[in-house]
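Residue-level listing of the chains:
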Amino acid sequence: MYILTALKDNEIMFTITRNMTRDQLLFLRKTCKFTCPQCETPLRLKIGKVVIPHFAHIILTNCLTSFSERESPTHLIGKQHLTEFFTRVGCKVSVEAYLPKISQRPDLLVRNKRKTFAIEFQCSVIPTVDIEKRTAGYLRVKIPSIWLLRTPPNIQLTTKGISLIKLTKFMQTFIKNLPTSGDTIITYDPSTAKFIYFSQLVHISGSSFLVKIRALSIEQQTFPFAQVKMISKEERVDYWKLFMNKRARFLHNRIRSSSFGVRDRFLTNCYENKVRPENLPLCIGFPIQDSQVILAHLAEWQLELICTLRQHHMDVHDITDKWLESYILTKCKVTDKVTALTVLTRYCKVLQMLNYNVYTPISEIFISESILLAHFEQEIVAKRCEN
């Protein structure tokens with residue numbers, strides 16, 4: 001286990017920083033004794049050429065279990081960067097501080113004026129339940145946690161404007177709704193010393209999202225963290241054009257990509273309503289916040305909902321939460337029933353605003369793109385206001 005903080009000569013807490021030279025560290029190794037501040041057993045100061053300088057237990061002890069997982073060199077470098085950053089902005093920083101009441105050790109414990117934060121720089125994929133458990137632990141001792149993901153190495157940061165990216169289920173766990181930038185993930189890249197923001201996330205299908213990517217150097221960062229500016233009118237139009245392009249491509253290829261044959265519910269719905277997938281009205285396949293909890297493409301679950309309403313002769317203005325809850329249990333595959341209910345409610349509100357008539361054949365429904373663009377813009381703006 002790599003450690004950056006140790007008790008020096010049983011007197012003071014010592015943390016290895018980037019500005020320490022190799023000669024300084026060699027001298028310290030010869031003249032000082034280092035012990036673990038938790039288990040009080042000896043530590044070895046390791047000064048190699050591959051991994052950055054760090055401490056390691058000479059003899060393995062149980063205190064290693066308080067660390068969340070084994071650390072990589074990238075994790076160590078990132079912790080050093082963040083330690084220097086929080087110190088620069090006026091915070092008191094404790095590296096790898098042990099919290100005995102909950103037996104947890106955050107990467108950094110940051111004190112800003114009268115408030116304390118647990119900072120977790122997450123470089124590896126861990127079970128979501130572990131994240132929830134550790135977050136709950138910090139809350140038990142009244143310490144809010146801030147999770148920073150390491151920027152995924154496969155993200156092309158050279159891309160400007162609005163981009164299409166894939167976010168793993170693990171990364172989606174860290175989506176936060178911020179006042180100016182809507183659904184956002186803040187990451188840090190130690191290799192470039194930059195914070196990378198993935199903001200205004202708009203779900204398309206599966207792990208695919210439209211996103212605005214922005215980089216901010218660690219020298220420019222502030223605390224509380226800087227927020228991305230509201231997207232412009234031009235950027236909203238860019239979002240819509242890219243979204244419509246991806247929607248059209250999906251629907252055009254949907255027949256050929258089917259692996260369910262006659263059991264394909266989406267194609268059956270299209271057939272029974274005498275409409276080809278690519279000719280569906282634009283309100284079917286409309287982007288809705290948090291729709292990633294429904295395990296189907298936007299067009300698939302929205303068409304299914306409308307067909308069910310037609311079968312039950314139910315007007316969109318008569319839909320109740322109780323009916324939607326029953327619908328989710330029988331018609332939807334979801335990862336979160338509560339959020340799925342919110343998603344379906346949002347979509348029903350869109351249909352209500354459009355005065356959608358379920359009694360009109362789907363093949364005859366026409367809603368102008370300009371009207372839907374206006375609703376799309378409202379959907380993006382609404383994301384900024386729900387925090």
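Here the structure is a predicted model, which means the values were calculated and not measured.

Draft legend 1. Main features of the overall build of the protein chain. Along the protein chain, the regular secondary structure elements total 10 helices and 14 strands. The principal-axis extent of the C-alpha atoms belonging to the protein chain is close to 85 × 40 × 40 Å. A buried classification covers 50% of the 387 residues belonging to the protein chain. Expressed as a percentage of contacts within the protein chain between residues at least 6 apart in sequence, the contacts between residues at least 24 apart total 63%.

Draft legend 2. Focus on the side chain of S217. Within the secondary structure, S217 sits in strand β14 (residues 208-217). Assessed through its relative accessible area of 15%, S217 is described here as buried. In contact with S217, other than residues within four places in its own chain, are A193 and K194.

Draft legend 3. Spatial organisation of the environment of E272. Turning to its location among the elements, E272 is positioned in helix α6 (residues 265-272). Through-space distance from the C-alpha of E272 to that of C307 is 9.5 Å; in sequence the pair is 35 residues apart.

Draft legend 4. Here's a closer look at the packing of helix α7 (residues 298-311) against helix α8 (residues 321-331). Two numbers describe how α7 lies on α8: the axes approach to 12 Å, and their chain directions differ by 120 degrees. When the interaxial angle is binned, α7 and α8 end up oblique. The chirality of how α7 crosses α8 is right-handed. Side by side, α7 and α8 meet where W301, E304, L305, T308 and L309 of the first sit next to W323, Y327 and K331 of the second. Within the contact of α7 with α8, the residues separate by chemical class into five nonpolar, one polar and two charged.

Draft legend 5. Representation of the packing of α7 against helix α9 (residues 337-353) in the model. In the contact formed by α7 and α9, the axes pass within 12 Å of each other and the chain directions differ by 65 degrees. Considering their axes alone, α7 and α9 lie roughly perpendicular with respect to each other. The handedness of the crossing between α7 and α9 is right-handed. For the pair α7 and α9, contact is made by W301, Q302, L305 and I306 and by V343, L344, Y347, C348 and L351, respectively.

Draft legend 6. Structural detail: a positive patch on the surface. Positive charge collects at one region of the surface, where R22, R29, K30 and K49 lie side by side. Looking at where R22 falls in the secondary structure, it is placed in helix α1 (residues 22-31). When its relative accessible area of 40% is taken as the criterion, R22 is described as partly exposed.

Draft legend 7. Quick peek at the side chain of N177. Assignment of secondary structure puts N177 in strand β11 (residues 176-178). A distance of 3.0 Å separates the side chain of N177 from the side chain of D183, its partner in a polar contact.

Draft legend 8. Representation of the sheet that holds strand β5 (residues 54-57). What the five strands build is an open sheet, ordered β2-β1-β3-β4-β5; its pairing is antiparallel. Single-partner strands in this sheet number two, and they are β2 (12-15) and β5. Across two bridges, strand β1 (residues 5-8) lies against strand β3 (residues 34-35) in antiparallel orientation. Across the sheet, residue L7 finds its bridge partner in β3, namely T35.

About the thresholds
Residues numbered from 1 in each chain as written. Predicted model: local features only at pLDDT ≥ 70, side-chain atom pairs only at ≥ 80, totals over all residues. Heavy atoms only, no water. Helix = DSSP H or I, 4+ residues; strand = E, 2+ residues; numbered from the N terminus. Buried < 20%, exposed > 50% of the residue type's maximum accessible area, 1.4 Å probe, protein only. Contact = heavy atoms within 4.5 Å. Axes fitted to C-alpha atoms, helices over the stretch in contact; angles between N-to-C directions. Parallel < 35°, antiparallel > 145°, perpendicular 65-115°, else oblique. Left-handed = near helix turned anticlockwise from the far one by under 90°. Nonpolar A, V, L, I, M, F, W, Y, C, P; charged D, E, K, R; others polar. Patch = residues over 30% accessible without salt bridge, like charges linked within 9 Å, V, L, I, M, F, W, Y side chains within 5 Å. Areas by Shrake-Rupley, 256 points an atom, 1.4 Å probe, with all protein chains shown as cover. Salt bridge = Lys/Arg side-chain N within 4 Å of Asp/Glu carboxyl O. Lys, Arg positive; Asp, Glu negative; His and termini not counted. Charge placed at Lys NZ, Arg CZ, Asp CG, Glu CD. Polar contact = N/O pair within 3.5 Å; in protein donor to acceptor, adjacent residues only side chain to side chain. Pairing = 2+ DSSP bridges.

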